[in-house]
Amino acid sequence: MCHFTQRSSALSFPNICNVFWRFHHTSTSHLCSCSKTVSDEKYQDPFQLGRKDLKNLYEDIKKELLVSAAELKEMCDYYFDGKGKAFRPMIVVLMARACNIHHNNSKEVQASQRSVAIIAEMIHTASLVHDDVIDDANSRRGKRTLNQIWGERKAVLAGDFILSAASVALARIGNTTIISVLTQVIEDLVRGEFLQLGSKENENERFAHYLEKTFKKTASLIANSCKAVSILGCPDPKVHEIAYQYGKNVGIAFQLIDDVLDFTSCADHLGKPTAADLKLGLATGPVLFACRQFPEMNAMIMRRFSKPGDVERAWKYVLQSDGVQQTTYLAQRYCHAATREIRKLRPSPEREALVHLTEMVLMRDK
């Protein structure tokens, strides 16, 4: 069991460096347009299909966070206000239904599978709270961050408390395999944060480093949550791998588009300041692709855009290059890979919704 979990959780980015070079030199005419990523099959709205299983999601999360200390409760409830799209829980319940239908044509989500969706949202939110402390962020989802209102120390403790409550909920499922799969997410989040603190001087290693960080900080949660519900709903290891690979590819694409939006979306629309990554000293996909056209960016990347004027110059170079376009194409390829995986399951409305979700990831603007 442990061997299988470890093997499936390992990164599988074949020839990452070759992918980078191929993308830089491939003509855009050979790549499909974003608008054609979904087949002509019947449209399925993921949010409509997932709504039933996500009803009272945030109320149930608040029950997990039941605490007597008024201030801590207020802090924990701050992000669980029910105004988010619940993107990750929605993927999880759709994957649960798709796997259940594939296995025995069951159209119901098990209680334990729904618990995984709740746990995924709790882990994600705890990671946001901690990220905002690390980044000294001022805003999140269009409002002030916890650390700005209550201070860094209390924000860290609130994040810890949310994570501990998620761990209790996870233990309550009572399945050691599921515990192993989802605790991998927490380890990856920490390792991803450490990767983000480092830099690679070699250009090829730098892009591989970026993709590995992206997987650990963003995609691992989606990949392993999808895998967890597939294990609960179907005994076939091949289905577990399909669910994992779909979640991994969608998760990476989601973050790649997020990195694009840091250059293309206005701050009010995005819900957080733009150019935030550059200001934090981070070289994301658009920057790394732009670096091929503007080699002078290498020095700025290595000093993490710390000199006066670095952020402004890097911003200008990215917009003058094809960095945004190339990053979008790379996200599209990951979405295509996710679609290929999920189509291996038996046809169902949930499967088609997961296919359509890949287009939504590419076309989102916030």
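Residue indices follow the written sequence of each chain, beginning from 1 at its first position. It should be noted that, the model being predicted, local features are given only for residues of pLDDT at least 70 and side-chain atom pairs only at 80 or more, the latter also being counted only at that level, while totals for whole chains, interfaces and linings use all residues. Only hydrogens and water are removed before side-chain values are computed, so all heavy atoms of the structure are retained for them.

In the nomenclature of an unreviewed UniProt entry, the protein chain corresponds to All trans-polyprenyl-diphosphate synthase PDSS1 from the organism Campylorhamphus procurvoides. UniProt positions are given in the numbering used here, feature names are shortened, and annotations may be inferred rather than shown by experiment. Per UniProt, the protein chain carries the Subunit (unreviewed entry) text "Heterotetramer composed of 2 PDSS1/DPS1 and 2 PDSS2/DLP1 subunits." On record in UniProt, under Cofactor (unreviewed entry), the comment for the protein chain is "Mg(2+)".

A.B. asks: Can you explain a nonpolar patch on the surface? Please cite residues and give values.
C.D. replies: Like charges are joined within 9 Å and nonpolar side chains (Val, Leu, Ile, Met, Phe, Trp, Tyr) within 5 Å, but only among residues with over 30% relative accessible area and no salt bridge; these make up the patches. Note on areas: these come from Shrake-Rupley sampling with a 1.4 Å probe, and a residue is covered only by the protein chains present in the view. The term salt bridge refers to a side-chain nitrogen of Lys or Arg lying within 4 Å of a carboxyl oxygen of Asp or Glu. Taken together, the side chains of Val190, Phe194 and Leu197 make up a nonpolar region of the molecular surface, amounting to roughly 340 Å² of accessible area. Labels follow the DSSP assignment, with helices taken as runs of H or I lasting at least four residues and strands as runs of E lasting at least two, numbered in each case from the N terminus. With respect to the element layout, valine 190 can be found in helix 10 (residues 176–197). Here's how the labels work: a residue is buried when its accessible area is under 20% of the maximum for its type, exposed when over 50%, partly exposed in between, all with a 1.4 Å probe on protein chains only. Relative accessible area serves as the criterion here: at 46%, valine 190 is assigned to the partly exposed category.

A.B. asks: I'd like a rundown of the side chain of glutamine 245, residues and numbers included.
C.D. replies: Note that glutamine 245 resides in helix 12 (residues 237–264). You can call glutamine 245 buried: its relative accessible area is 12%. Polar side-chain contacts of glutamine 245 include one of 2.8 Å to the side chain of glutamate 241. We call two N or O atoms a polar contact when they sit within 3.5 Å, provided that within protein one can donate a hydrogen and the other can accept it, with sequence-adjacent residues counted only if both atoms are side-chain atoms.

A.B. asks: Can you explain the state of the cysteines? Please cite residues and give values.
C.D. replies: The disulfide criterion is simple: two cysteine sulfur atoms within 2.5 Å. Tallying each qualifying case throughout the model produces zero disulfides. We note that cysteine 99 lacks a disulfide partner, and the nearest cysteine sulfur, in cysteine 234, lies 6.6 Å from it. Cysteine 234 sits in the buried class, given a relative accessible area of 4%.

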